[in-house]
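Listed below are the residues making up each chain.
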Amino acid sequence: MYKLKNKFRQLFLTAATVGAACLLAGCGVGASAAEAGDSGAAEGQSDAGSSQNSGSSDSQRLQVVATIFPEYDWVKEILGDQADNVDLTLLLGNGTDMHSFQPTMADILKVSTCDVFIYVGGESDSWVADVLKGAGNPERKAINLMDVLGDQAKEEEVVEGMQDEDGHTHVEADSADAHDSDADSDKERTESEVREDSSHDSEGHSHDEGTDDDLEYDEHVWLSLKNASLFCDTIASTLADADPEHAQLYQQNAAVYEEKLAALDQDYQTTVDGSQSKTLLFADRFPFRYLTDDYNLTYYAAFTGCSAETDASFETITFLAGKLDELKLPVVLTIENSDQKVAKAVIENTNTRDQKILTLNSMQSVTAQDMEEGTTYLSIMENNLQILKEAL
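What you are looking at is a predicted structure, and each value in this text was computed from that prediction instead of being measured.

Asker: Teacher, can you tell me more about the overall build of the protein chain here?
Answerer: Across its full length, the protein chain holds 14 helices and eight strands. Within the span of the protein chain, comprising 392 residues, buried residues form 55% of the whole. Partitioning the contacts of the protein chain with sequence separation of at least 6, the portion at a separation of at least 24 is 78%. Total accessible area computed for the protein chain in this model is approximately 16600 Å², and 45% of it derives from carbon and sulfur atoms.

Asker: Mind showing me how you'd approach the pattern of salt bridges here?
Answerer: Side-chain pairs of opposite charge can arise whenever the charged atoms involved come near each other. By the definition in use, this model includes seven salt bridges. The salt bridge involving Arg353 is made with Glu348; its shortest N-O contact spans 3.7 Å. You can call Arg353 exposed: its relative accessible area is 51%. Since its relative accessible area comes to 45%, Glu348 is described here as partly exposed. A salt bridge links Lys356 to Glu390; the nearest nitrogen and oxygen atoms lie 2.6 Å apart. Taken together, the positions of Lys356 in strand 8 (residues 356-360) and Glu390 in helix 14 (residues 377-391) put the pair 34 residues apart, joining distant regions of the chain.

Asker: For this particular structure, what's the right way to read the nonpolar core?
Answerer: One broad trend across soluble globular proteins is that nonpolar side chains are buried collectively. Membership of the largest hydrophobic core comes to 83 residues, with the highest contact counts inside it found for Trp74 and Leu239. Apart from residues no more than four positions distant in its own chain, Trp74 is found in contact with Leu145, Trp222, Ala228, Phe231, Cys232, Ile235, Tyr257 and Tyr377. Listed in part, the 18 residues of the second largest apolar core include Ala302, Ala312, Phe319 and Ala321.

Asker: It is not clear to me how the confidence of the model for the protein chain should be interpreted in this structure. Could you clarify?
Answerer: Caution applies to low-pLDDT parts of the model: their predicted coordinates are not meant to be read in detail. For the protein chain, per-residue confidence averages 79 on the pLDDT scale, and 72% of positions sit at 70 or higher. Confidence drops under pLDDT 50 across residues 1-26; counting only partners more than four residues distant or on other chains, this segment forms 57 contacts. Here residues 28-57 is modelled with pLDDT under 50, and outside its nearest four sequence neighbours on either side it reaches 66 contacts, counting other chains as well.

Asker: What is the right way to look at helix 8 (residues 225-242) in this model?
Answerer: Helical geometry note: an α-helix holds 3.6 residues per turn, so side chains three or four residues apart project in the same direction. Here helix 8 contains 18 residues, and its C-alpha end-to-end distance of 25 Å stays within 8% of the 26 Å for a straight helix at 1.5 Å per residue. Three or more residues of helix 8 are buried, namely Leu225, Asn227, Ala228, Ser229, Phe231, Cys232, Ile235, Ala236, Thr238, Leu239, Ala240 and Ala242. The N-terminus of helix 8 is capped by Ser224, whose side-chain oxygen sits 3.3 Å from the backbone nitrogen of Lys226.

Asker: What should I look at first to understand the packing of aromatic side chains in this one?
Answerer: A ring pair, where both rings are aromatic, is described by two values, the distance of the centres and the angle of the planes. For the coordinates displayed, the defined rule picks out ten aromatic pairs. The interplanar angle of 75 degrees and the centroid separation of 5.0 Å between the aromatic rings of Phe282 and Phe286 together place this pair among those described as edge-to-face. Connected via pairs of aromatic rings, a cluster forms that spans Phe101, Phe117, Tyr119 and Trp127.

Asker: What exactly am I supposed to notice about the sheet that holds strand 3 (residues 116-119) here?
Answerer: Strand pairing in a sheet relies on backbone hydrogen bonds. The paired strands run either parallel or antiparallel. Strand order across the open sheet formed by four strands is 2-1-3-4, with parallel pairing between neighbours. Both edges of this open sheet fall to strand 2 (86-90) and strand 4 (141-144), since each of them pairs with a single strand only. Here the average twist between neighbouring strands, direction ignored, is 15 degrees. Pairing geometry for strand 3 and strand 4, over four bridges, is parallel. From the neighbouring strand, Ile118 faces strand 4, where its bridge partner is Ile143.

Asker: So what exactly am I meant to see when it comes to the side chain of Asp218 here?
Answerer: Looking at where Asp218 falls in the secondary structure, it is placed in the loop between helix 7 (183-194) and helix 8. No salt bridge is formed by the buried Asp218. Its closest oppositely charged neighbour is Arg289, at 5.3 Å. Side-chain polar atoms of Asp218 contact the side chain of His220, separated by 2.8 Å.

Asker: Sorry if this is basic, but what is going on with the environment of Ile78 here?
Answerer: Assignment of secondary structure puts Ile78 in helix 3 (residues 69-79). Separated by 161 residues in the primary sequence, Ile78 and Leu239 have C-alpha atoms spaced 8.8 Å apart. When near neighbours in sequence (up to four residues on either side) are disregarded, Ile78 contacts Cys232, Ile235, Ala236, Leu239, Leu249, Tyr250, Asn253 and Ala254.

Asker: Teacher, can you tell me more about the environment of Lys323 here?
Answerer: Position of Lys323 relative to the elements: it lies in helix 11 (residues 314-327). On a C-alpha basis, the gap between Lys323 and Gly161 in space is 9.4 Å, while along the polypeptide they are 162 residues apart.

Asker: Any chance you could explain unusual backbone geometry here in plain terms?
Answerer: The phi angle of most residues is negative, glycine excepted, and most peptide bonds adopt the trans form. A positive phi angle, near 55 degrees, is found at Asn296, a position not held by glycine. Within the secondary structure, Asn296 is located in the loop between helix 10 (289-294) and strand 6 (298-304). Given a relative accessible area of 58%, Asn296 falls into the exposed group. A positive phi angle, close to 55 degrees, is found at Arg353, a residue other than glycine. Along the chain, Arg353 falls in the loop between helix 12 (341-348) and strand 8.

Asker: Would you explain helix 12 in this entry?
Answerer: Within helix 12, burial applies to Val342, Ala343, Val346 and Ile347. Each buried residue of helix 12 sits inside an arc of 135 degrees when the element is viewed along its axis, so together they form one side. Where helix 12 is buried, its residues touch strand 5 (279-286), strand 6, helix 11, strand 7 (331-335) and strand 8.

Asker: Is there a simple way to explain the pairing of strand 8 in this structure?
Answerer: Within a regular strand, side chains alternate between the sheet's two faces. With five bridges connecting them, strand 7 and strand 8 associate as parallel partners. Pairing of Val331 across the sheet is with Lys356, part of strand 8. Handedness of the crossover joining strand 7 and strand 8 through helix 12: right-handed.

Calculation rules
- Residues numbered from 1 in each chain as written.
- Predicted model: local features only at pLDDT ≥ 70, side-chain atom pairs only at ≥ 80, totals over all residues.
- Heavy atoms only, no water.
- Helix = DSSP H or I, 4+ residues; strand = E, 2+ residues; numbered from the N terminus.
- Buried < 20%, exposed > 50% of the residue type's maximum accessible area, 1.4 Å probe, protein only.
- Contact = heavy atoms within 4.5 Å.
- Areas by Shrake-Rupley, 256 points an atom, 1.4 Å probe, with all protein chains shown as cover.
- Salt bridge = Lys/Arg side-chain N within 4 Å of Asp/Glu carboxyl O.
- Core = buried A, V, L, I, M, F, W, Y, C linked by side-chain atoms within 4.5 Å.
- pLDDT = per-residue confidence, 0-100.
- Expected span 1.5 Å × (residues − 1).
- Polar contact = N/O pair within 3.5 Å; in protein donor to acceptor, adjacent residues only side chain to side chain.
- Phe/Tyr/Trp six-rings, centres within 6.5 Å; stacked < 30°, edge-to-face > 60°.
- Pairing = 2+ DSSP bridges.
- Axes fitted to C-alpha atoms, helices over the stretch in contact; angles between N-to-C directions.
- Lys, Arg positive; Asp, Glu negative; His and termini not counted.
- Arc of directions from axis to C-beta.
- Right-handed = clockwise from strand over helix to strand, strands pointing away.

Next comes the structure, spelled out in structure tokens:
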């Protein structure tokens, strides 16, 4: 089913090289943000990802392409011993962030001719639609993670104190006197009233790129262990359809892996249930909406998860500093690769100036070296749990 003829692939490559280049419309980042350096890094990692599992590309192998590291790692777990016989490619590698990714023609060829393609399906993947419409493998199966979630996908939100894309800080009228209010009563108010309804039912909305300009969905769907289990189930079923000979192996491997995800999910819930605080404060971008909603945690943050901003306004910094004092939070959180300038500025504006800066890993810049050293989706989520314990 999944065998592609070399002649066909060569003909498609010739057509692809003269085709129009795809443009990125990425989640708060314009196409101009994705320079040739990013594309080159991604292309290099694509080759590394392919050769890492199966040696040189072989048209007789099952061809699987995953856009981001979590998808890639899930596929490896589900393939198990069969991984050596599958050509598995990680499209966004060497630390390339999906918000600033622009595919090369080689990337487009890989996606167009593969047997199974897995992608997030949010605004940063707007380039995918044209690729999937083009000529390629007519039997290719595509998995859009946002579509798998369906009504469980969440709209991106701007919470109190967060700086939006226009540089405005959203602060409620009654929060100006936060430093003078009673900490215990404010903590109760914060966790029961300030947080908006997290369900944001999408009412059957399709998450295909460009479907509705008025709705913007949070793309960071992999940062929920519950979501990961659902995605792995879908991936296993799709691999089984594409490669019936090994269908039972894929389903068994997925079941074992999903048990590990469920056990870690329970560890997260136990940690949250046993913690005094239920609030996290990020002096950074905030891509952890799905994780905090899973465990009913309140959060404050400087920017949305897809924001391109790096400098926080005075209002944002003072608001976050006030919340640290008000709630007596011991930790300021950042995401990986942060320069921590905003976090340090927030701490400098608190009364005690003694909060720790800790990092939660959102898996948006995992490199080939990280993978060679044993980094996996589970290992990152396990480490994030340890950080969460200290933050709460």
